[in-house]
Amino acid sequence: MFVIANPRAGRGRGARVLSQVRAHLAGRNIEHRVAVSQHPGHVTELAAQASDRGHSPVVLVGGDGTLFEAVNGMARAGRFLPVAQIPVGTGNSFIKDLGIHSVEDGLRALAEGHTRAVDLGRVRSAAGEYHFVNLVGAGFVANVAARAQAFKRFGDLAYKIGVLLELLLLRAVPCRLTADGEENVREALFIEVCNSRKTGGDMIMAPAAEVDDGQFDVVIARAMNRRTLLKLFPLIFTGEHVHNPLVESFRCSRLTVSFDPPQRVTPDGEIIGRTPLEIEIVPRALEVFGLPA
């Protein structure tokens, strides 16, 4: 096994957990090699090298950003290896849909060998082509993610702080969307194209999403004022927000998104470029260790 650790994940928790992972593998006489990320983008390089060399599986000690980098490193190399995530990040949103809520869960899944083939999303934009596992958003949600970067030391609270700060600049803009060939325009605050249910830790953006159904769950917040958005915000922790008439949701496997003016984009909590985007599903492209429901 090839272990890739992000020592900065979870405000430095990644470095502390790495020794626990190594002891777990050594105690089971599992041969492994360890590489520690030294800078942003290094996980991408390490995962590409693992894919080239045929290591299987890749064990990631990190959060959503570490998983995002690893997937794109393997995509660059042209082969996706099985992935086990030991969650130590700020949110760890995606892996929760596979029953992994703690370091102990991640180690148990690795020991028991349960895997699940999950979908990936592929994005083409002016910033280049990349894959995502969790979701890709544009507009208000991307602005919140950008603001949250400055408050990561507060854990999940960082996203809540980002929401409150971004409310001061709230503005809906025209969004042109073509989903599975059908085009529409609406005034929107944001769009989230979801492969899994959660974002920002425990915010249930797409309560009905399935990681292996070959479709995205798309959530769009239409134009609304600050007071309405503040009332809606707590509902995202239960998934009840999707029942509000100002929140549009549907499923598709391919879509294009543009805003006027172009909006900031966040795939899996990272900040990459601006709209327009071309997005498509890549069905069951990645094998991930998880726990049975």
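Everything here concerns the structure above.
Criteria and cut-off values
Residues numbered from 1 in each chain as written. Predicted model: local features only at pLDDT ≥ 70, side-chain atom pairs only at ≥ 80, totals over all residues. Heavy atoms only, no water. Phe/Tyr/Trp six-rings, centres within 6.5 Å; stacked < 30°, edge-to-face > 60°. Helix = DSSP H or I, 4+ residues; strand = E, 2+ residues; numbered from the N terminus. Buried < 20%, exposed > 50% of the residue type's maximum accessible area, 1.4 Å probe, protein only. Patch = residues over 30% accessible without salt bridge, like charges linked within 9 Å, V, L, I, M, F, W, Y side chains within 5 Å. Areas by Shrake-Rupley, 256 points an atom, 1.4 Å probe, with all protein chains shown as cover. Salt bridge = Lys/Arg side-chain N within 4 Å of Asp/Glu carboxyl O. Disulfide = S-S within 2.5 Å. Expected span 1.5 Å × (residues − 1). Axes fitted to C-alpha atoms, helices over the stretch in contact; angles between N-to-C directions. Parallel < 35°, antiparallel > 145°, perpendicular 65-115°, else oblique. Left-handed = near helix turned anticlockwise from the far one by under 90°. Contact = heavy atoms within 4.5 Å. Nonpolar A, V, L, I, M, F, W, Y, C, P; charged D, E, K, R; others polar.

Chemist: Whenever I open this one, the packing of aromatic side chains confuses me. Can you help?
Modeler: Two measures describe an aromatic ring pair: the distance that separates the ring centres and the angle between the ring planes. For the structure shown, the criterion picks out four aromatic pairs. Between F132 and F216, the aromatic rings sit 5.8 Å apart at their centres with planes inclined by 20 degrees, giving stacked as the arrangement. In this pair, F132 is assigned in strand β6 (residues 128–132) and F216 in strand β12 (residues 216–222), connecting sequence segments 84 residues apart. Like F216, F132 is buried.

Chemist: Can you walk me through a nonpolar patch on the surface in this structure?
Modeler: Taken together, the side chains of L165, L168 and L169 present a nonpolar region at the surface, about 290 Å² in accessible area. Here L165 shows up in helix α6 (residues 157–166). Look at L165 and you get partly exposed, because its relative accessible area is 30%.

Chemist: When you look at the state of the cysteines in this model, what are you seeing that I'm missing?
Modeler: Each disulfide is one covalent bond, formed between the sulfur atoms of two cysteines. Counting across every chain of the model gives zero disulfides. The structure places no disulfide on C175, whose sulfur is separated from the nearest cysteine sulfur, that of C252, by 12 Å. Residue classification places C175 among the buried positions, given a relative accessible area of 0%. C194 forms no disulfide, and the closest cysteine sulfur to it belongs to C252, at a distance of 11 Å.

Chemist: I tried to follow unusual backbone geometry on my own but got confused; where do I start?
Modeler: The bulk of non-glycine residues show a negative phi, and the bulk of peptide bonds are trans. Cis geometry marks the peptide bond from D260 to P261, where omega comes out at 5 degrees. For P261, the position within the fold is in the loop between β14 (254–259) and β15 (265–267). Although it is not a glycine, N29 adopts a positive phi angle of roughly 55 degrees. Examined against the element boundaries, N29 turns out to sit in the loop between α1 (9–27) and β2 (33–36). Given the relative accessible area of 73%, N29 is considered exposed. Unlike most non-glycine residues, D268 shows phi in positive territory, near 50 degrees. By the secondary structure assignment, D268 is in the loop between β15 and β16 (277–289). Its relative accessible area of 5% is what places D268 among the buried residues.

Chemist: Please clarify how helix α2 (residues 42–53) should be interpreted in this entry.
Modeler: Each turn of an α-helix holds 3.6 residues, which means side chains three or four residues apart point in the same direction. Taking 1.5 Å as the rise per residue, α2 with twelve residues should run 16 Å; its terminal C-alpha atoms sit 17 Å apart, in good agreement. Every buried residue belonging to α2 is among H42, V43, T44, L46, A47, A48, A50 and S51, and all of these are buried. Just downstream of α2 lies G54, where phi reads positive at about 85 degrees.

Chemist: Before we go on, may I ask you to explain the packing of helix α5 (residues 140–148) against α6 in this structure?
Modeler: For any two helices packed against each other, one specifies the inter-axial angle together with the distance between the axes. Contact geometry of α5 with α6 gives a least axis separation of 8 Å together with a crossing angle of 120 degrees. Taken as axis vectors, α5 and α6 run oblique relative to one another. Where α5 crosses over α6, the handedness of that crossing is right-handed. Together, F140, N143, V144, R147 and A148 of α5 and A158, Y159, G162, V163, L165 and E166 of α6 make up the contact between the two elements. Each residue belonging to the contact of α5 with α6 can be placed in one class, and the counts come to seven nonpolar, two polar and two charged.

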